[in-house]
Amino acid sequence: MRHSFICQKKQAILLVIDEQAGLAPVITDFAVVVENTSKLLKAASLLDIPFIFTEQNPSKLGRTSPELKSFIRSTNMYEKMHFSACVEPGFIHMLAEYQRPQIVVTGTESHVCVLQTSLDLIAAGYQVFVVEDAIASRNKQHKALAIKQLSAAGAIVTCAESVLFQWLEKAGTTQFRTVLQLIK
């Protein structure tokens, strides 16, 4: 039995919230968020972990950052107008179909869409892993406040590299060697 704070590849879904090109100029550390999200997406692809993208009002904020577009399929993109994806009709039902209790969250903005979606996921009974080095806001203080609130609400605040190693579970495998190249 693994500790409940360990993110397990057979239990996890990766949720990429609103990493949209239109937000890039105003979000502090946007490039770092996209880079770390890309690492998680590559590993998730290798390890058969499902991933879902959201886009907040894409007609105004643009589409997902070009660096991440190759991961998008018609079945894993969810456009939204609510700040919390969980309030959108059918979103929670779609997540439930995966039958995976752990949601790994990346995205923007930390204090708006990431915060509200994560809080609603917790309320819906999911275990939420917020990847601190893969979320951002326009203001670093707003991100820090969101992290405090999420931690107090029961989210597990982690980093991309921790998630990657938790998903891998052990060294010496072909998957380990492939993922290791992502972090070198």
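Residues numbered from 1 in each chain as written. Predicted model: local features only at pLDDT ≥ 70, side-chain atom pairs only at ≥ 80, totals over all residues. Heavy atoms only, no water.

Peer 1: It is not clear to me how the pairing of strand β5 (residues 127-136) should be interpreted in this structure. Could you clarify?
Peer 2: Along any regular strand, the residues point their side chains to alternate faces of the sheet. Counting buried residues in β5 gives seven out of 10 residues, a clear majority hidden from the surface. The sheet contact formed by strand β4 (residues 102-108) and β5 spans six bridges and is parallel. Bridging from a neighbouring strand, Q102 pairs with Q127 of β5. For the crossover from β4 across helix α4 (residues 110-123) to β5, the handedness is right-handed. Bridge analysis of β5 against strand β6 (residues 156-158) gives three bridges, and the strand direction is parallel. Within β6, the position partnered with F129 by the bridge is I156. One crossover worth recording links β5 to the parallel β6 by way of helix α5 (residues 140-153), and it is right-handed. (Buried < 20%, exposed > 50% of the residue type's maximum accessible area, 1.4 Å probe, protein only. Helix = DSSP H or I, 4+ residues; strand = E, 2+ residues; numbered from the N terminus. Pairing = 2+ DSSP bridges. Right-handed = clockwise from strand over helix to strand, strands pointing away.)

Peer 1: What am I meant to see in the nonpolar core here?
Peer 2: Buried together is how nonpolar side chains tend to be arranged in soluble globular proteins. With 32 residues, the main nonpolar core has L14, L40, L41, V104 and W167 as its most contacted residues. Breaking this core down by element, the ones donating at least two residues are β1 (12-17), α1 (30-46), β2 (51-56), β5, α6 (160-168) and α7 (174-183). Examining the composition of this core, we find that seven residues originate from one element, α1, more than from any other. Look past the residues within four positions of W167 in its chain and what remains in contact with it is C7, Q8, K9, A12, L40, A43, A44, L47, I49 and V104. (Core = buried A, V, L, I, M, F, W, Y, C linked by side-chain atoms within 4.5 Å. Contact = heavy atoms within 4.5 Å.)

Peer 1: How should I be thinking about the sheet that holds β4 in this particular structure?
Peer 2: In any sheet, the strands associate via hydrogen bonds between backbone groups, in a parallel or an antiparallel arrangement. One open sheet accounts for six strands, arranged β3-β2-β1-β4-β5-β6; its pairing is parallel. Two strands lie at the open edges of the sheet, namely β3 (77-80) and β6, each paired on one side alone. In this sheet, neighbouring strand axes are inclined to one another by 25° on average, regardless of whether the strands run parallel or antiparallel. The pairing of β2 with β3 spans four bridges and is classified as parallel. Among the inter-strand pairings, E55 is bridged to a residue of β3, identified as E79. Contacting β1, β2, β4 and β5, α1 runs over the sheet at an angle of about 135° to β5. (Axes fitted to C-alpha atoms, helices over the stretch in contact; angles between N-to-C directions.)

Peer 1: How should I be thinking about α4 in this particular structure?
Peer 2: An α-helix turns once per 3.6 residues; consequently, residues spaced three or four apart project the same way. Of all the positions in α4, only S110, V112, C113, V114, L115, T117, S118 and L121 are classed as buried. Once α4 ends, the next one or two residues include G125, with phi positive near 100°.

Peer 1: Quick question: what am I supposed to make of the packing of α1 against α7 here?
Peer 2: When two helices pack together, you describe them by how their axes are tilted relative to each other and by the distance separating the axes. Between α1 and α7, the least distance of the axes is 10 Å, while the angle of their chain directions is 165°. One way to sum up the angle between α1 and α7 is to call them roughly antiparallel. Between α1 and α7 lies a crossing whose hand is right-handed. Together, K39, K42, A43 and L46 of α1 and Q175, T178, V179 and L182 of α7 make up the contact between the two elements. (Parallel < 35°, antiparallel > 145°, perpendicular 65-115°, else oblique. Left-handed = near helix turned anticlockwise from the far one by under 90°.)

Peer 1: Explain the packing of aromatic side chains here, please?
Peer 2: The relation between two aromatic rings is expressed through the spacing of the ring centres and the mutual angle of the planes. This model, assessed by the stated rule, comprises four aromatic pairs. Summarising the aromatic geometry, the rings of F51 and F53 are spaced 6.3 Å apart at their centres and angled 85° between planes, so their arrangement reads as edge-to-face. The exposure class assigned to F53 is buried, which follows from its relative accessible area of 0%. On the numbers, 6.0 Å between centres and 85° between planes, the contact of F51 with F71 is edge-to-face. (Phe/Tyr/Trp six-rings, centres within 6.5 Å; stacked < 30°, edge-to-face > 60°.)

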